[in-house]
Amino acid sequence: MYIPQHYINENLKEVKEFIINNSFGILINYVGGKPWATHIPLELDKDRNGNDILVGHIAKANPQWKYFVEDTEVLCIFNGPHTYVSSSWYAEEEVPTWNYIAVHIYGKLKIQDEQALMASLHKLVDKYERQSEKPISLNNLSKNTLRQVKGVIGFEIHIKEIQAAYKLSQGREHDHPKIIKELEKRNTGGGHGIAEAMKKSKSKKN
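Residues numbered from 1 in each chain as written. Predicted model: local features only at pLDDT ≥ 70, side-chain atom pairs only at ≥ 80, totals over all residues. Heavy atoms only, no water.

### Focus on the pattern of salt bridges
Tallied over the full model, the rule gives eleven salt bridges. Residue Asp-52 is joined to Lys-46 by a salt bridge in which the shortest nitrogen-to-oxygen separation is 2.8 Å. Residues Glu-182 and Lys-185 are paired through a salt bridge, measuring 3.3 Å at the closest nitrogen-oxygen approach. On the criterion of helical spacing, the pair formed by Glu-182 and Lys-185 is a turn pair, its members being three residues apart in helix α4 (residues 176–185). The exposure class assigned to Glu-182 is buried, which follows from its relative accessible area of 12%. A relative accessible area of 56% means that Lys-185 is categorised as exposed. Each of the salt bridges in this network shares a partner with another, and the network as a whole consists of Lys-16, Lys-46 and Asp-52. (Salt bridge = Lys/Arg side-chain N within 4 Å of Asp/Glu carboxyl O. Helix = DSSP H or I, 4+ residues; strand = E, 2+ residues; numbered from the N terminus. Buried < 20%, exposed > 50% of the residue type's maximum accessible area, 1.4 Å probe, protein only.)

### Quick word on the environment of Arg-172
Its location among the elements puts Arg-172 in the loop between β7 (152–167) and α4. Classification of Arg-172 by relative accessible area gives buried; the value is 17%. Residues Arg-172 and Glu-184, twelve residues apart in the sequence, show an inter-C-alpha distance of 18 Å. In contact with Arg-172, not counting residues within four places along its chain, are Tyr-90, Glu-92 and Glu-94. (Contact = heavy atoms within 4.5 Å.)

### Considering the side chain of Lys-167
Within the element layout of this structure, Lys-167 appears in strand β7. The side chain of Lys-167 sits in the buried core without any salt bridge; Glu-94 is the nearest counter-charge, 11 Å away. For Lys-167, the side chain forms a polar contact with the side chain of Thr-97, separated by 2.6 Å. At 2.8 Å, the side chain of Lys-167 and the backbone oxygen of Trp-98 are in polar contact. Contact partners of Lys-167, with chain neighbours within four places excluded, come to Tyr-7, Thr-97, Trp-98, Asn-99 and Tyr-100. (Lys, Arg positive; Asp, Glu negative; His and termini not counted. Polar contact = N/O pair within 3.5 Å; in protein donor to acceptor, adjacent residues only side chain to side chain.)

### Some points on the nonpolar core
Core analysis: the biggest nonpolar cluster contains 31 residues, and Ile-19, Leu-27, Cys-76, Phe-78, Val-103, Phe-155 and Ile-157 have the highest contact counts within it. Those residues within four positions of Ile-19 in sequence are excluded, and the remaining contacts are Leu-44, Leu-54, Phe-78, Val-103 and Ile-105. Within the second largest apolar cluster, six residues are counted, among which are Leu-121, Val-125, Val-149 and Val-152. (Core = buried A, V, L, I, M, F, W, Y, C linked by side-chain atoms within 4.5 Å.)

Quick look at the structure:
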């Protein structure tokens, strides 16, 4: 994606943390000669050699998987908070803008065998069940229920390139206190998320 130089985030640790916390992504490849996108969890993991990978699965009813040729390059998009920024919050006249965080990952796809698929599904469920009052485990589900796994295809994406855009009103640091204050007034998750990201960015520079 196009990212102006001052919006590029090259802090790999921070970007990985973002992916872990915003793992509901978009998987894109070509199906029948046109771009095809599926919205699914894409979990950051490691392969047996310690290399970063993304792990996911889609339904066999989704024709996208039929174009999962070994080593096909795919694009995965992860969206974070985003919000409109009014130029009325600036000290000087300027046009309004939009602040956002987004990460694009390019990688080579490999279909999982059934054992690897089950291992990744266990990890996925265990991760999100931690916050439940009565967490479930795939280990406790009946064989009849787990038969539904036959209806999905698991895959790994071996990461080749990460592009991270953090547009947080860079170059207008003198306006940040006002922007953050106004965003915190708004009853939107995106506004609050960007305000927190701006404060976090500022604390790193101090």
